[in-house]
Amino acid sequence: MNHYFRQLYHIFKYVHLSPLITDDRRSFYTSLIRAQLSQNELYAIVYNSLIPGYGSPKFLFLIKQYDVVKNFNPGNIPDPIIWRFFNAEKESVSDPFLAGH
């Protein structure tokens, strides 16, 4: 499923970094992407975002920035510790796209 996560990551990254998209329109475009995601896809995104070098830290930052898992039902995760860990990691991630990172 790596190809799926890479594609999704690059779409969010493009919206985040593109000089063609104004800051006030970024959330509009990311909400269109987010609306296409099923609960199963959001579930997989949560887990993928916790793996260093795969989803963490870059995709995890974009998930935080654009509230990608806004519509996710955390009751879908069998162990609530994973959801708490995900939220803690998400809150602590900084912007890896800034110069100097």
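Just so it is clear, the model here is predicted, and its values are computed rather than measured.

When helices and strands are tallied, the protein chain shows 5 helices and 0 strands. Along its sequence from the N terminus, the protein chain presents helices and strands in the succession α-α-α-α-α. Taken over the C-alpha trace, the protein chain has a radius of gyration of 13 Å; the compact-globule value for 101 residues is 13 Å, and the two agree within 12%. C-alpha atoms of the protein chain, sized along the principal axes, occupy 40 × 30 × 25 Å. Sorting the 101 residues of the protein chain into buried and exposed places 39% on the buried side. Nonlocal contacts in the protein chain, meaning residues at least 24 apart in sequence, comprise 68% of its contacts between residues at least 6 apart. When the accessible surface of the protein chain is summed, it comes to about 6200 Å², and 57% of that surface belongs to carbon and sulfur atoms. Each charge class in the protein chain was averaged separately, 10 positive and 8 negative side chains, and the resulting centres sit 4 Å apart.

The next subject is the pattern of salt bridges. According to the stated counting rule, one finds 1 salt bridge in the structure shown. A salt bridge links D23 to R26; the nearest nitrogen and oxygen atoms lie 2.9 Å apart. One end of the pair is D23 and the other is R26, both in helix α2 (residues 23–34) and 3 residues apart, which spans about a single turn. A relative accessible area of 63% places D23 in the exposed class. Judged by relative accessible area, R26 falls into the buried class, the value being 11%.

If you look at the biggest cluster of nonpolar residues, it comprises 27 residues, and the most contacted ones within it are F12, I45, F59, L62, V69 and F86. If you list the elements that add at least two residues to this core, you get α1 (2–17), α3 (39–48), α4 (58–65) and α5 (80–92). Sequence-distant contacts of L62, defined by excluding residues within four places in its chain, comprise Y9, F12, K13, H16, D67, V68 and F97.

With that settled, the discussion passes to the packing of α1 against α4. How two helices pack is summed up by the angle between their axes together with the distance between the axes. At a minimum axis distance of 10 Å, the contact between α1 and α4 shows a crossing angle of 60°. Classified by the angle between their axes, α1 and α4 sit oblique to one another. In this structure, the crossing between α1 and α4 has a hand that is left-handed. Mapping the contact onto sequence places L8, Y9, F12, K13 and H16 in α1 and K58, F59, F61, L62 and Q65 in α4. Its residues assigned to classes, the contact of α1 with α4 comprises 6 nonpolar, 2 polar and 2 charged.

A few words on the packing of aromatic side chains. Any two aromatic rings considered together are summarised by their centre-to-centre distance and by the angle between their planes. Within the structure shown, the criterion is met by 8 aromatic pairs. Between Y9 and F59, the aromatic rings sit 6.0 Å apart at their centres with planes inclined by 75°, giving edge-to-face as the arrangement. A residue pair is termed long-range when its members are at least 10 positions apart, and Y9 in helix α1 and F59 in helix α4 qualify at 50 residues. Assessed through its relative accessible area of 12%, Y9 is described here as buried.

Calculation criteria
Residue positions within a chain follow its written sequence, with the count starting from 1. Side-chain atom pairs in this predicted model are given and counted only at pLDDT of 80 or more, local residue features only at pLDDT of at least 70, and totals for whole chains, interfaces and linings cover all residues. The side-chain figures draw on all heavy atoms in the structure; neither hydrogens nor water molecules are used. Strands are runs of DSSP state E lasting at least 2 residues, helices are runs of H or I lasting at least 4, and numbering of each runs from the N terminus. Atoms counted for the radius of gyration: C-alpha only. Globule rule: 2.2 Å times the number of residues to the power 0.38. Each residue is placed in one exposure class: buried if its accessible area under a 1.4 Å probe, protein chains only, is under 20% of its type's maximum, exposed if it is over 50%, and partly exposed if it falls in between. We call two residues contacting when some pair of their heavy atoms lies within 4.5 Å. With residues, only the protein chains shown are counted as cover, and all accessible areas are computed by Shrake-Rupley using a 1.4 Å probe. The positive count covers Lys and Arg only, the negative count covers Asp and Glu only, and His and the chain ends enter neither. Positions of charges follow a simple convention, taking NZ of Lys, CZ of Arg, CG of Asp or CD of Glu. Whenever Lys or Arg places a side-chain nitrogen within 4 Å of a carboxyl oxygen from Asp or Glu, that contact is recorded as a salt bridge. We define a nonpolar core as any set of buried Ala, Val, Leu, Ile, Met, Phe, Trp, Tyr and Cys residues linked to one another through side-chain atoms lying within 4.5 Å. Only the stretch in contact is used when a helix axis is fitted, and all axes are lines through C-alpha atoms; the angle between N-to-C directions ranges over 0 to 180 degrees. Roughly parallel covers angles under 35 degrees, roughly antiparallel covers those over 145, roughly perpendicular covers 65 to 115, and oblique covers all other angles. Crossing handedness follows the turn of the near helix against the far one: under a right angle anticlockwise gives a left-handed crossing, and clockwise gives a right-handed one. Basically, the charged four are Asp, Glu, Lys and Arg, the nonpolar ten are Ala, Val, Leu, Ile, Met, Phe, Trp, Tyr, Cys and Pro, and anything else, Gly included, counts as polar. When the centres of two rings from Phe, Tyr and Trp lie within 6.5 Å, Trp using its six-membered ring, the rings pair. Their planes under 30 degrees apart give stacked, over 60 give edge-to-face, and anything left gives tilted.

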